[in-house]
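# Chains, contacts and geometry: an overview
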Amino acid sequence: MSERRFGLSDDALLQLETVYRDGLFAGRTVLVTGAGTGIGKGISVLFGRLGARVVLSSRSEEKLATTAALLDRVGAEHRVHPANIREPDEIDALFAALEEADAVPDVVINNAGGQFPQASTALSDKGWRAVIDTNLNGTWTVMQRAARIWQRRRIPGSIVNIIAPHRRGMHGVAHTVAARAAVDHVSRNVAVEWAPDGIRVNCVLPGPIDTEGMNVYPAKAQARMAKTNPMRRLGDVQDVAQACVYLAADSGKFVTGETLVVDGGHQHWGEIWLTDEPEHFRS
Ligand code: ADE
């Protein structure tokens, strides 16, 4: 089978439709981590299209440049701040720079992360720790530092952590399942702790989304990906981006400690049919 290439072109990304109105985020600043590629890039473009000032962060300045170019094309104000979320000092420096520039975010989309597929018994200690360090510790550092600033300044804030379908397990990525489950859970915990400060904390849990990140998986896994939900297709980055907007905007003002699952029904999908299995699912 020929390898399928995933991900949208920049032009296609700009063409994605949204149900949200222009100007919804006018006057608001949104920090997006992992903004250089895939879901983070799509989220950045949507918030930019809705009038937000977008702070783009990621480890790679080069990748951020492509997202920044897209924000130029939609006329969105933006700043680029490379930072490695695994380095607390770099996250402190990022927030210090934003305070200095009068660009403290109102919303943090905590999207940076990554993993590699490997049988769990084959994972090295180093590999396990690297993924936990990025996907759990790094995500935690960003959310904690944002909350500290909002508490100190006595201003409200909203955090959306992007996680992954850990609840049913994702076989071959045990490290990320552990990290994402922890983020899912600690988000509920701090949602209560920080509610008195006007800080909301939610997660978006995407199923398989058509991004270039899919290209790291073996061809067989790629071919199965679209069959892991009853809709029998992949989601697109706009599905995730619009979920983030819902939670971050006033539409989500009474929502905290929640995880919005955007997975085409994957979490409910099973193999047991006590009636005849519909033809739709047989291939
Ligand atoms: N994207 C993937 N890993 C990252 C990291 N450690 N820091 C920032 N962005 C990332």
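These remarks concern the structure in this document.

About the thresholds
Residues numbered from 1 in each chain as written. Predicted model: local features only at pLDDT ≥ 70, side-chain atom pairs only at ≥ 80, totals over all residues. Heavy atoms only, no water. Phe/Tyr/Trp six-rings, centres within 6.5 Å; stacked < 30°, edge-to-face > 60°. Helix = DSSP H or I, 4+ residues; strand = E, 2+ residues; numbered from the N terminus. Near = heavy atom within 4 Å. Polar contact = N/O pair within 3.5 Å; in protein donor to acceptor, adjacent residues only side chain to side chain. Areas by Shrake-Rupley, 256 points an atom, 1.4 Å probe, with all protein chains shown as cover. Nonpolar A, V, L, I, M, F, W, Y, C, P; charged D, E, K, R; others polar. Expected span 1.5 Å × (residues − 1). Buried < 20%, exposed > 50% of the residue type's maximum accessible area, 1.4 Å probe, protein only. Salt bridge = Lys/Arg side-chain N within 4 Å of Asp/Glu carboxyl O. Core = buried A, V, L, I, M, F, W, Y, C linked by side-chain atoms within 4.5 Å. Contact = heavy atoms within 4.5 Å.

## Re the packing of aromatic side chains
Within the structure shown, the criterion is met by four aromatic pairs. Where Trp140 meets Trp194, the ring centres are 6.3 Å apart and the plane angle is 25 degrees; that geometry is what we call stacked. Placement of Trp140 in helix H5 (residues 125-153) and of Trp194 in helix H6 (residues 174-194) is noted, with a sequence separation of 54 residues between them. The rings of Trp269, Trp273 and Phe281 are connected pair by pair, giving a single aromatic cluster.

## Things to note about the site of the ligand
Neighbouring the ligand are the residues Ser58, Arg59, Ala83, Asn84, Ile85, Arg86, Ala112, Gly113 and Thr134. A distance of 3.4 Å separates a nitrogen atom of the ligand from a polar side-chain atom of Arg59. Here a nitrogen atom of the ligand and a side-chain polar atom of Asn84 are 2.7 Å apart. For the ligand, whose accessible area on its own is 260 Å², the fraction buried by protein is 89%. Its residues assigned to classes, the shell around the ligand comprises three nonpolar, four polar and two charged.

## So, helix H2 (residues 38-49)
If you check H2, its first and last C-alpha atoms are 17 Å apart, about what 12 residues at 1.5 Å a residue would give, namely 16 Å. The buried fraction of H2 is high, at 11 of 12 residues. Of all the residues in H2, the buried ones are Gly38, Ile39, Gly40, Lys41, Gly42, Ile43, Ser44, Val45, Leu46, Phe47 and Gly48. Positive phi appears at Gly51, one or two residues downstream of H2, with a value of about 100 degrees.

## As for the pattern of salt bridges
Across all of its chains, the model carries nine salt bridges by this definition. For Asp11, the salt bridge goes to Arg73, with nearest N and O atoms at 2.6 Å. Here Asp11, found in helix H1 (residues 10-15), pairs with Arg73, found in helix H3 (residues 61-73); they are 62 residues apart in sequence, far enough to count as distant. Across the salt bridge formed by Asp92 and Arg145, the nearest N and O atoms sit 2.6 Å from each other. Residue Asp92 is found in helix H4 (residues 88-100), and its partner Arg145 is found in helix H5; the two are separated by 53 residues along the sequence. Connected through shared salt-bridge partners, Glu99, Arg152 and Arg153 make up one network.

## Here's the deal with the nonpolar core
Counting 38 residues, the largest nonpolar core has Phe25, Ile43, Phe47, Ile109, Val204 and Cys244 as its most contacted members. Elements represented by at least two residues in this core include exactly H1, strand E1 (29-33), H2, strand E2 (53-57), H3, strand E4 (107-110), strand E5 (157-162) and helix H8 (237-248). If near-sequence neighbours (up to four positions away) are discounted, Ile43 is found in contact with Val32, Ile109, Ile162, Val240, Ala241 and Cys244. The next biggest cluster of nonpolar side chains, apart from the first, holds 24 residues, and it includes Ala83, Ile91, Ile199 and Val201.

That's the geometry; what it means functionally is another story.
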